[in-house]
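Structural characterization, general
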Amino acid sequence: MSDLSAFRDEARTWVEANAPDFLRGRASDPNAWASGGRKAPFIYPESRDWLLAAADRGLSVPTWPEQYGGAGLSRDEAAVLHEEIGRLALPLPLTGFGYSMIGPTLLDHGTQAQRAEHLPKIARGEIRWCQGYSEPNAGSDLASLATSAVRDGDFYVINGQKIWTSGADQADWIFMLVRTNPDVKKQRGITFILVDMASPGVEVRPIRLISGASPFCETFFHDVRTPVHQVIGEVNGGWTVAKALLGHERTSIGGMGRGGARASLPDLARDYVGVDEMGRIDDPAIRERVTQCEMDAMSYGLTIRRHGDGLEAGHKPGPESSMFKYYGTELNMRREELMLSIRGPQALGWEGEGFEPAELNQTRTWLRSRANSIEGGTSEIQLNIIAKRVLGLPD
Amino acid sequence: MASLVLTAPQNLLARTAAELVSKHGGVDRQRRLRDEGAELGFSPEVWAEMADLGWLGIPFAEEHGGLGMGMAETVLITEAMGRGLAPEPFVSAVVFAGGLLADAGDAEQRAAWLPPLIDGEERLAPALLEAGSRYGLDRVETRAQANGDGWSISGEKVQVVGGVGADGFLIAARTEASDDGLTLFLVPAAADGLEVVAQHRVDSRNSAIVRLSDVQVAAGAVLGDVGGGLEPLGRAVDRATVAICGEMLGLMTESFERTIEYLRSRSQFGVLIGTFQALKHRAAKMFIEIELSRSTVMAAARALDEGSDDTELQVSNAKARCSDALILVTNEALQMHGGIGMTDEHDIGLFMKRARALEFAFGDAAFHRQRFARLRGF
């Protein structure tokens, strides 16, 4: 305990000394969060300063080993660091798929050479990653994917189409699932492979969503060549790697349920709904929903904590990520719906006059949130996984 | 907050508790006691064995003759009792009444009541609820009038858990000088003018009406300060609430596991009903609710043990969550069992009946959401 409080002092001092003033209090501004990369400019130059200052100390990826650009912190120390960053309402120095998904996956399943090639570039924000899993005919039934990879000497030649590739238009590399054997049970013929997006034959088209934004793309592969040493894990053993990565993805998506740096629901309700003579939210139905949301978030946060304590104590990670993905996203969506109810007609703005920037942002985040229960495996798929792998219910 | 993972000694305690409950017949014992119309509603020999194991002294400091363990351990006992529907009045007599006495009582009162309570020789019962109380601790009409050096108490308490056969009662009353406060009294069951009448509740547990007509007690019967009862009472209620949450966790886990087993063994239309997605998804949602409930109970128990600033929030969060989850799980358990679940012969009904008593103990989910909102200033 005393070790942690010493570490907290150290972390606080470092954050105070290195966080750019401009970013303080901007945690809820999506433009302040940096994923790095060769193509995507930093929207605020301060985000770059913050990332590089952190990367110099290994703190952009605090739990990774030092040899790969991390600081080798324990989970508890990293949590303390993030609390100290959160205390000033700062964005984390680095975010994105490299940090949250392919990085942890390479640490688990990559060879030393693969880690050495890719991890330091993620840590310094030099390379941005995207994910090539879903296909037009392989959504919830992911294992039926058809994009093919055929060996040709020291290369694989890839043909096919991926969809819902988040940020493909801004990414430098893609980690993807390809079919390397069409003649076996569908899960057994899949390989996990890394491809440079600058390779000839890669084409990206953004998809416009109901929120007006285009965070996702269609990505086409025409005779794209990638070296065989970019295969992660075994050839035809990609499903195992894919599931491990989905675990990281679900935990990361599910994390949104905790509320974190988001606007405080009770404050928002007091502002828009008003307060009664006793200082309470002046609408019993809204007050009840706010309370329920806050209590659910508290219970969910405790459960994530308990799970983490279990890992620390040596418990094996199981299919809990499905529980977190399901509950975290459903909770976040309920929160977004509630924020609409709280703002009422002021939540209807699309652009232009008559609406505050936060209100316009609200419309978009609500629409964006509707994907939470679809991406990374739908809520229904998560419930299926729990029923099968945790409860042992028959197929 | 301490780790939300059980330590090795805690795991051992949980296992021992489970073994004790099943050794004495598990749910069958509750059924047998009910069918026999047993006056006590529980088994004195099990109570004695719990005393031998030291469990009746779990929450008390070693200086009072207890084991000096905390709520983190107490909820392991109540969870095991919940799983097997063990009807011994552990929460009411030990956690609540004993805890209140240890907290608010003076040296003489503790010396008089705690050792026999811990040894299993004498039992205390908290007598708080009145017909009009609902969940308000201060909704009390029982009155205590100063009478010479002592007091004269009159009123009627209902649903006094463990009241039948209790040796003493903790009674909350109003005094003239304390219209805004409550005074707690320790009253021996043998006192003149005190009458105990058995009540019959849906869960078949020991429950009584305690009528007091001009019951005379000495000045030394006051627990703590005259008019100052509400505060220690609130603390005791919070501890008892979390102990109850442990029992709820046991009930929901057991009824859920029995239901999953049924889904894996019952066939209709030529297939196991556990293959139906309509049931799978509901089962998975129940699993999540139970996992969340477990986290809240462990956190609330640790908050009480550590005296955290957010203890009351954690307690209300746990009770609200467990109440909602337990009602969901027991109702779904019955539905998924179908017609057989409606029969008295099947155990699910016993779980469902006990669940309602636990839901309403110390405030239901709505009550605790309101309390949470009030504490957070919503």
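Residues numbered from 1 in each chain as written. Chains lettered and ligands numbered in written order. Predicted model: local features only at pLDDT ≥ 70, side-chain atom pairs only at ≥ 80, totals over all residues.

Examining the overall build of chain B
If you tally the helices and strands in chain B, you get eleven helices and ten strands. Against the 2.2 N^0.38 benchmark of 21 Å for 378 residues, chain B shows a C-alpha radius of gyration of 21 Å, consistent with a compact globule. In terms of principal-axis extent, the alpha carbons of chain B reach across some 80 × 45 × 40 Å. For chain B, the residues scored as buried account for 52% of the 378 residues in total. Restricting the contact set of chain B to residue pairs at least 6 apart, pairs at least 24 apart contribute 75%. (Helix = DSSP H or I, 4+ residues; strand = E, 2+ residues; numbered from the N terminus. Rg over C-alpha atoms; globule rule 2.2 N^0.38 Å. Buried ≥ 20, exposed ≤ 12 C-beta atoms within 10 Å, placed from the backbone. Contact = placed C-beta atoms within 7 Å.)

Brief notes about the nonpolar core
In a soluble, globular protein the nonpolar side chains are often hidden away together inside. By size, the foremost hydrophobic cluster in this structure holds 140 residues, and its most contacted members are Ile 153, Leu 170, Phe 185, Val 242, Cys 245, Val 297 and Ala 300 of chain B. Top contributing element to this core by residue count: helix α7 (residues 230-263) of chain B, with 15 residues. Discounting chain neighbours no more than four positions away, the residues touching Leu 170 of chain B are Ala 97, Leu 100, Leu 124, Pro 126, Ala 127, Leu 184, Leu 186 and Leu 223 of chain B. Judged by nonpolar contacts, the second largest core, of 65 residues, contains Leu 23, Trp 64, Leu 90 and Tyr 156 of chain A. (Core = buried A, V, L, I, M, F, W, Y, C linked by C-beta atoms within 7 Å.)

Observations regarding the interface of chain A and chain B
Residue-level contacts link 35 residues of chain A with 31 residues of chain B. Elements with a contribution of two residues or more to the side of chain A that touches chain B: α8 (284-312), α9 (320-343) and α11 (379-390) of chain A. In terms of residue count, the dominant contributor to the side of chain A that touches chain B is α8 of chain A (16 residues). Considered class by class, the residues forming the side of chain A that touches chain B number 18 nonpolar, eight polar and nine charged. (Nonpolar A, V, L, I, M, F, W, Y, C, P; charged D, E, K, R; others polar.)

Re helix α2 (residues 27-36) of chain B
Residue and element names in this part refer to chain B. Taken together, the buried positions of α2 are occupied by Arg 29, Gln 30 and Leu 33. Down the axis of α2, the smallest arc covering the buried residues is 100°, so these residues share one side. The exposed residues of α2 that point more than 90 degrees off its buried face are Arg 32 and Asp 35. In this structure, the buried side of α2 is in contact with α10 (348-360). Backbone geometry just downstream of α2 places Gly 37 in the positive-phi region, at approximately 65°. (Arc of directions from axis to C-beta.)

What to know about the environment of Ala 191 of chain B
All names here are of chain B. Take Ala 191: it is sitting in the loop between β5 (183-188) and β6 (194-198). In sequence terms Ala 191 and Leu 212 are 21 residues apart; their C-alpha atoms lie 9.3 Å from each other. Residues within four places of Ala 191 in sequence aside, it is in contact with Val 215 and Val 217.

Here we look at the domain arrangement of chain A
All names here are of chain A. Per the domain assignment, the segments of chain A are domain 1 (2-123), domain 2 (129-235) and domain 3 (241-390). In this structure, domain 1 and domain 2 have C-alpha centres spaced 27 Å apart. The biggest single contributor to the side of domain 1 that touches domain 2 is helix α4 (residues 97-109), with six residues. For the side of domain 1 that touches domain 2, a count of residues per class yields five nonpolar, six polar and two charged. (Domains from an automatic or database assignment.)

Comments concerning the pairing of strand β7 (residues 207-217) of chain B
All names here are of chain B. Across eight bridges, the pairing between strand β3 (residues 150-161) and β7 is antiparallel. In the strand pairing of β7, Lys 157 is matched with Val 210. Judged from the five bridges that link them, β6 and β7 form a sheet pairing that is antiparallel. Paired with Val 197 across the two strands is Ile 209, which belongs to β7. (Pairing = 2+ DSSP bridges.)

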